Amino acid sequence: MSPRRGADVLATARARNLEQTVQDAGIILCTGSGGVGKTTAAAALALAAAQRGRRTIVVTIDPARRLAQSMGLHALENTPRAVPGVEGLDAMMLDMKRTFDEVIDRHANDPERAERIKTNRFYKQLTDSLAGTQEYMATEKLFDLHTAAAYECIVVDTPPTRNALDFLDAPKRLTDFLEGRFLRLFLAPGMAAGRLTARAAGFGAGVFMRVASRITGAGVLGDLAEFFQSFEGMYDGFKNRAQSVYRLLQSPGSAFVVVATPDTPALREARYFLQRLAGEGMPTAGLVINRMTPEPTAALAGHSPPEFETVAKRLDDGVPERRATAALLRLAADRTEAAVREQRTISSALHGVDPRALVEVPMMSDDIHDLEGLRRLGSHLVGTGSAA
């Protein structure tokens, strides 16, 4: 794509906002690298959808509980809670352990089998530490809420991972883990918990088991064997569910909102994620860039930093009032330079990528901690807010 064409694409994207998304989308997924404001953006979009008369829920996996605080709630739970003062808006926080337990109950063919899995020591470790488990549980809860059809709009604050792509990869990663060749060793005939013999899976497996049992202890391997034997026959259910979730994310009713800041690392990841979404055929609503440096007021617009500095030098003559004006002009010069630098960084990072909508949110004077702050942010996201 030529530089001129790239500039035209971004100019067109800047003319759009997320109004249509909060009006029409059944599922809105806010994603991006850590610390860019996903949680706040998700809450603001959910509030905007509810204000338009849509029955809405926002789901967070935020460990800092910022979402609950900003909505006037002391805490969030694994079940929806109404947001005080906002008709039609619920909020909830994903409890990964409880959600995983619900998944086991769904796929197990009898209560005893489900209880055997949930009390297994390896299962407890799995729910706490396996990479991708949190992301997978987020997709599970999303699918449950969608199939229950109690909400017109579901807004998901995706997990705070180092790589935003983990959310897309989580269903496949977990099912691949459960189907792995290594784990099949524990499902071989005769591999009941505590019976770690060479006959269980052939000579190679037997050697592996004898070595592994000396390193980890036979009890650990027994837990593993019991867990995967209890799981046998449930793999297809997990895999089919993961495929259904993926198709849901690809459906026209879903919309991904990528959130970033005007920093190169965050923009680089946002670019990669936008490209991945396009490659996977997933619907992108837009890119939100938080904490943009506001440009100077209209009275100072059109002047360059060198002009500000020239006037500031003339005013910096020891008279207190004139010195204060000079300091403000220098501040305006710094802000102008920062704003221009951020625009160059955005243009460079997004060259060749169409974000569809590009919403640039100015840095706020204070942190968002209540509904009024969320409304203020929402006005920027849906196009009714001031640019300064």
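Q: Provide a residue-level description of the confidence of the model for the protein, including the pertinent values.
A: Across the protein, the average pLDDT comes to 79, with 77% of residues at 70 or higher. Mean pLDDT across the secondary structure elements of the protein bottoms out at helix 10 (residues 202-216), with 45, and peaks at helix 2 (residues 19-24), with 97. Below pLDDT 50 for its whole length, residues 189-218 participates in 36 contacts with residues either more than four positions away or in separate chains.

Q: Residue-level account of the packing of helix 14 (residues 305-315) against helix 15 (residues 320-349), with values.
A: Contact pair helix 14 / helix 15: the axes reach a minimum separation of 8 Å and the direction vectors enclose 165°. As far as their axial angle goes, helix 15 and helix 14 are roughly antiparallel. The element helix 14 and its partner helix 15 pack so that their crossing is left-handed. Residues P305, F308, E309, V311, A312, K313, R314 and L315 of helix 14 form the contact with helix 15, whose participating residues are R322, R323, T325, A326, L329, R330, A332, A333, T336 and E337. Residues of the contact of helix 14 with helix 15, tallied by class, amount to 9 nonpolar, 2 polar and 7 charged.

Q: Any chance you could break down the nonpolar core for me, citing the residues and the numbers?
A: Judged by nonpolar contacts, the single largest core of 100 residues is most densely connected at L18, M71, I104, L249, V257, L287 and L381. Element by element, the count of residues in this core is highest for helix 3 (residues 38-51), at 10 residues. Here I104 is in contact with A114, I117, K118, Y123, F231, M234 and F238, once residues within four sequence places are set aside. Core analysis: the next-biggest nonpolar cluster, separate from the first, contains 7 residues, A312, A326, L329 and A332 among them.

Q: So what about the side chain of T261? Which residues, and what values?
A: Among the secondary structure elements, T261 is positioned in the loop between strand 6 (254-260) and helix 13 (264-279). Those residues within four positions of T261 in sequence are excluded, and the remaining contacts are V36, A266, L267, I289, N290 and R291.

Analysis parameters
- Residues numbered from 1 in each chain as written.
- Predicted model: local features only at pLDDT ≥ 70, side-chain atom pairs only at ≥ 80, totals over all residues.
- Heavy atoms only, no water.
- pLDDT = per-residue confidence, 0-100.
- Helix = DSSP H or I, 4+ residues; strand = E, 2+ residues; numbered from the N terminus.
- Contact = heavy atoms within 4.5 Å.
- Axes fitted to C-alpha atoms, helices over the stretch in contact; angles between N-to-C directions.
- Parallel < 35°, antiparallel > 145°, perpendicular 65-115°, else oblique.
- Left-handed = near helix turned anticlockwise from the far one by under 90°.
- Nonpolar A, V, L, I, M, F, W, Y, C, P; charged D, E, K, R; others polar.
- Core = buried A, V, L, I, M, F, W, Y, C linked by side-chain atoms within 4.5 Å.
- Buried < 20%, exposed > 50% of the residue type's maximum accessible area, 1.4 Å probe, protein only.

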